[in-house]
Amino acid sequence: MSHTILLMQPGPKPETRTYSDFESVNECMEGVCKIYEEHLKRQNPHTPSITYDISQLFDFIDQLADLSCLVYQKSTSTYAPYTKEWIKEKIYILLRRQANAGQ
């Protein structure tokens with residue numbers, strides 16, 4: 001359980017920057033998925049249920065101007081930065097675990 005801060009800048013303007021904090025890396029990755037799901041709901045307001053695959057989620061992440069995480073490191077009492085690629089890797093692991101648990 002490492003406190004994680006998600007830094008996101010969807011558009012080119014710095015004013016679009018936001019942050020969210022989570023109790024763990026997994027909660028943060030679920031948060032990224034929820035952000036994408038909200039984006040899909042706004043794009044498709046009349047669709048009752050929305051489905052997507054991981055490649056569409058990764059395309060969404062790639063088109064964001066910036067997305068990164070700061071993860072608390074207990075040993076040094078500092079936050080370590082992580083990139084979009086790291087975030088995609090963690091999301092892949094999370095979704096794969098969820099899919100395996102559902103079988």
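Right above here is the structure, for reference.
Attention in this report is confined to the structure presented alongside it. Values in this document were obtained by computation on a predicted structure and should not be read as measured data.

**Side note on the sheet that holds strand β3 (residues 66-73)**
Item 1. Read across the sheet, four strands follow the order β2-β1-β3-β4 without closing on themselves; strand pairing throughout is antiparallel. Two strands lie at the open edges of the sheet, namely β2 (18-22) and β4 (78-82), each paired on one side alone. Direction aside, the axes of adjacent strands within the sheet are offset by 20° on average.
Item 2. As judged from the six bridges shared by strand β1 (residues 4-9) and β3, these two strands associate in the antiparallel manner. Among the inter-strand pairings, I5 is bridged to a residue of β3, identified as L70.
Item 3. Packing of helix α3 (residues 84-101) onto the sheet brings it into contact with β1, β3 and β4, and relative to β3 it is tilted by some 75°.

Thresholds applied
- Residues numbered from 1 in each chain as written.
- Predicted model: local features only at pLDDT ≥ 70, side-chain atom pairs only at ≥ 80, totals over all residues.
- Heavy atoms only, no water.
- Pairing = 2+ DSSP bridges.
- Helix = DSSP H or I, 4+ residues; strand = E, 2+ residues; numbered from the N terminus.
- Axes fitted to C-alpha atoms, helices over the stretch in contact; angles between N-to-C directions.
- Contact = heavy atoms within 4.5 Å.

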